[in-house]
Amino acid sequence: TIGTTNILPERSVHASLGVEQRLPYNLDVEVTGFYKWASNIVVSNPASFTDDTVEPYLNDGTGRIYGAEFLMRFAPISSVSGWLSYSYQKSFRRDGPDEEERVFDLDQPHILTMVGTWKINESWSVGSRFRYVTGNSWTPIEQTVYASDSDIYVPIYGETNSERFSPFVQLDVRVDKTWIFETWKLNLYLDVQNATNRGNQEGWAYQFDYQARQPQTGLPILPIIGVNASW
């Protein structure tokens, strides 16, 4: 009773073209370009806000995504290995044929990841992971209106997804100690996530009248100690 009976599945068409090359010193390089067309995206029907006899959802949304990815895997010596990945991408949505194109909610143009592992000997190994990601987009509040009937402040938003949070940056470090027995193996590890204790912003916490705000951040430094055994 609250949905749209004849809503259609969302559709998309993907296209990609890439090249992979093996280089000396156990170095593999890949470069891939991609494009995606999206259609039949389900969106709210604006007319349903004032007329409850019309269907609340429509298949009027469209989208496009394009970009490229670079991936490099390396293992110059047997005890050292890792990889580096960088992606550039843009994602847009249109909620209807007469609507302006906007940046998608989860659009992240730059994504950089670096991972490395050093196996010191048969018992000890250390590794790390570094990530840099463009901050998520968000819609600013330009002003507020006081609704006296309900005694609340109603925000009036500006251009959709016209602002961005600070980039997400995180360094993780892991140390492993392994004991090898005749028929089984024991592993003790220390995994420190967000080793630099960076407060990556995930949103805003607003005051009741939206006149003040403070950033909401993700997890602080998180050390994890674990043990696992295998036979």
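Residues numbered from 1 in each chain as written. Predicted model: local features only at pLDDT ≥ 70, side-chain atom pairs only at ≥ 80, totals over all residues. Heavy atoms only, no water.

> Would you mind going over the pairing of strand S12 (residues 168-180) with me for this structure?
Looking down a regular strand, the side chains alternate between one sheet face and the other. Pairing of strand S7 (residues 124-133) with S12 involves 10 bridges; the strand directions are antiparallel. In the strand pairing of S12, Trp-124 is matched with Lys-177. Two strands pair when backbone bridges link them, and S12 and strand S13 (residues 185-193) are joined in this way by 8 bridges, in the antiparallel orientation. Opposite Ile-180, over in S13, you have Lys-185 as the bridge partner. (Pairing = 2+ DSSP bridges. Helix = DSSP H or I, 4+ residues; strand = E, 2+ residues; numbered from the N terminus.)

> When you look at the pattern of salt bridges in this model, what are you seeing that I'm missing?
Throughout the structure, instances matching the rule amount to 12 salt bridges. For Asp-176, the salt bridge goes to Arg-174, with nearest N and O atoms at 2.9 Å. Classification of Asp-176 as buried rests on a relative accessible area of 13%. Salt bridges sharing partners connect three or more residues here, namely Glu-20, Glu-30 and Arg-73. (Salt bridge = Lys/Arg side-chain N within 4 Å of Asp/Glu carboxyl O. Buried < 20%, exposed > 50% of the residue type's maximum accessible area, 1.4 Å probe, protein only.)

> Any chance you could explain the packing of aromatic side chains here in plain terms?
Any two aromatic rings considered together are summarised by their centre-to-centre distance and by the angle between their planes. Evaluation of the coordinates by the stated rule reveals 11 aromatic pairs. Look at Phe-181 and Trp-184: their rings are 4.5 Å apart centre to centre, the planes differ by 15 degrees, and that puts the pair in the stacked class. On the basis of relative accessibility, which here comes to 30%, the residue Trp-184 falls in the partly exposed class. Here a set of aromatic residues connected by ring pairs shows up, and it is made of Tyr-35, Trp-37, Tyr-66 and Phe-92. One residue, Arg-93, lies across the ring of Phe-104, its end atom 4.0 Å from the ring centre. (Phe/Tyr/Trp six-rings, centres within 6.5 Å; stacked < 30°, edge-to-face > 60°. Lys NZ or Arg CZ within 6 Å of the ring centre and 35° of its normal.)

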